[in-house]
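The primary structure of each chain is shown beneath.
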Protein chains: 2
Amino acid sequence: MSFDFQGIATQFVTHYYTTFDTNREILGGLYRENSMLTFESSQSLGAANIAEKLANLPFQKVKHEFATADAQPTATGGIVILVTGKLLVDDEARPLSFSQAFQLCQDPQGQWFVFNDIFKLVFG
Amino acid sequence: MSFDFQGIATQFVTHYYTTFDTNREILGGLYRENSMLTFESSQSLGAANIAEKLANLPFQKVKHEFATADAQPTATGGIVILVTGKLLVDDEARPLSFSQAFQLCQDPQGQWFVFNDIFKLVFG
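Residues numbered from 1 in each chain as written. Chains lettered and ligands numbered in written order. Predicted model: local features only at pLDDT ≥ 70, side-chain atom pairs only at ≥ 80, totals over all residues. Heavy atoms only, no water.

A. Seen up close, the interface of chain A and chain B. If you look at the interface, chain A gives 32 residues, while chain B gives 31 residues. Interface area for chain A against chain B, summed over the two sides, is near 2,600 Å², with a carbon-plus-sulfur share of 65%. It is Gln72(A), Leu82(A) and Ile118(A) in chain A that bury the most area against chain B; as a group they hold 23% of the surface buried on that side. The interface formed by chain A and chain B includes zero salt bridges. Counting across the interface, chain A meets chain B through 13 residue pairs in polar contact (both at pLDDT 80 or more). For the side of chain A that touches chain B, the secondary-structure elements that each account for two or more residues are strand S1 (31-39), strand S3 (62-73), strand S4 (79-89), strand S5 (96-106) and strand S6 (112-122) of chain A. Ranked by the residues each element gives to the side of chain A that touches chain B, the list is headed by S6(A), at seven residues. Class assignment of the residues belonging to the side of chain A that touches chain B gives a composition of 15 nonpolar, 13 polar and four charged. (Contact = heavy atoms within 4.5 Å. Buried area = accessible area lost by both parts, 1.4 Å probe. Salt bridge = Lys/Arg side-chain N within 4 Å of Asp/Glu carboxyl O. Polar contact = N/O pair within 3.5 Å; in protein donor to acceptor, adjacent residues only side chain to side chain. Helix = DSSP H or I, 4+ residues; strand = E, 2+ residues; numbered from the N terminus. Nonpolar A, V, L, I, M, F, W, Y, C, P; charged D, E, K, R; others polar.)

B. The arrangement of helix H2 (residues 47-55) of chain A in detail. All names here are of chain A. The complete set of buried residues in H2 reads Ala47, Ile50, Ala51 and Leu54. The arc that holds every buried residue of H2, seen down its axis, measures 100°, which confines them to one face. Elements that come into contact with the buried residues of H2 comprise helix H1 (5-23), S1 and strand S2 (42-45). (Buried < 20%, exposed > 50% of the residue type's maximum accessible area, 1.4 Å probe, protein only. Arc of directions from axis to C-beta.)

C. Molecular detail of the pattern of salt bridges. Enumeration according to the criterion identifies six salt bridges over all chains in this entry. One salt bridge connects Glu40(A) with Lys120(A), and the closest N-O pair in it is separated by 3.4 Å. Highlighted residues: Glu40(A) in the loop between S1 and S2 and Lys120(A) in strand S6, separated in sequence by 80 residues. Across the pair Asp107(B) and Arg32(B) runs a salt bridge, and its minimum N-O distance is 3.0 Å.

D. Geometry of the side chain of Arg24(A). All names here are of chain A. Position of arginine 24 relative to the elements: it lies in the loop between H1 and S1. Buried and unpaired, arginine 24 has no salt bridge, with glutamate 25 as the nearest side chain of opposite charge at 5.6 Å. From its side chain, arginine 24 meets the backbone oxygen of leucine 57 in a polar contact 3.0 Å long. (Lys, Arg positive; Asp, Glu negative; His and termini not counted.)

E. Main features of unusual backbone geometry. Residues and elements named next belong to chain B. The phi torsion at glutamate 40 lies on the positive side, around 50°, for a residue other than glycine. Even without being a glycine, serine 41 presents a positive backbone phi close to 70°. Tracing the sequence through the fold places serine 41 in the loop between strand S1 (31-39) and strand S2 (42-45).

F. Geometry of the sheet that holds strand S4 (residues 79-89) of chain B. Residues and elements named next belong to chain B. The strand order across the open sheet formed by six strands is S2-S1-S6-S5-S4-S3, and the pairing between neighbours is mixed. Where the open sheet ends on each side, the last strands, each with one partner, are S2 and strand S3 (62-73). Adjacent strand axes in the sheet meet at a mean angle of 15° when their direction is disregarded. Inspection of the sheet shows S3 paired to S4 by eleven bridges, in the antiparallel sense. (Pairing = 2+ DSSP bridges. Axes fitted to C-alpha atoms, helices over the stretch in contact; angles between N-to-C directions.)

G. Representation of the sheet that holds S5(A) within the structure. All names here are of chain A. The six strands lie next to each other as S2-S1-S6-S5-S4-S3, forming an open sheet whose pairing is mixed. Of all the strands in the sheet, the pair left with one neighbour each is S2 and S3. Adjacent strand axes in the sheet meet at a mean angle of 15° when their direction is disregarded. In the packing of H2 onto the sheet, the strands contacted are S1 and S2, and the crossing angle to S1 comes to about 40°.

This is the structure we're talking about:
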């Protein structure tokens, strides 16, 4: 458990939200066949369904700013991350708070991918 | 992956916050030797350290109300949970929003315990 899980998590989260905000059609590449997304309590299973869900979210523009991304290693070589932050959708002036939990896993080639992804808006 | 992960998660979360609010000295029993807690970005490793951290948090009274607890199974038989909710500390009138991510694992006897726990206040 001595690998740099926090560094990998920060790098992943930065890449994830940058891609989400500029080209979310290609986010599917970060998921695999058995990956899961729970987006505002709506569930998608598998990279293809997740990619479709993310591409078809009902907004054109989005900008995420994550404030914190706390990571822990798992018992099986993965990484659990809890992100908190704000996002701005389309031409809304008021940002929304969100939280997102990820579990990253590594494939046999050493590539990290998202196995678990749970996204939730937080209303203050 | 056909076990009732959402039911187990809801039951766990209900038990966790009820215990936290009434008798948080005994929360250590939900963790094991290699369990991790990240509480407001401060890290504790192992049930004994986690129990001590939770018991010594700088408030007397706390009341959690969780709004959502979305769960997913992991690739290795665990459960990832993202909780959002509010809490009220001591005699504060204004609730604070929080998010918390858990990974639950099962021991060889079938008992669920917390392996990963990341808690974060969310400021609106």
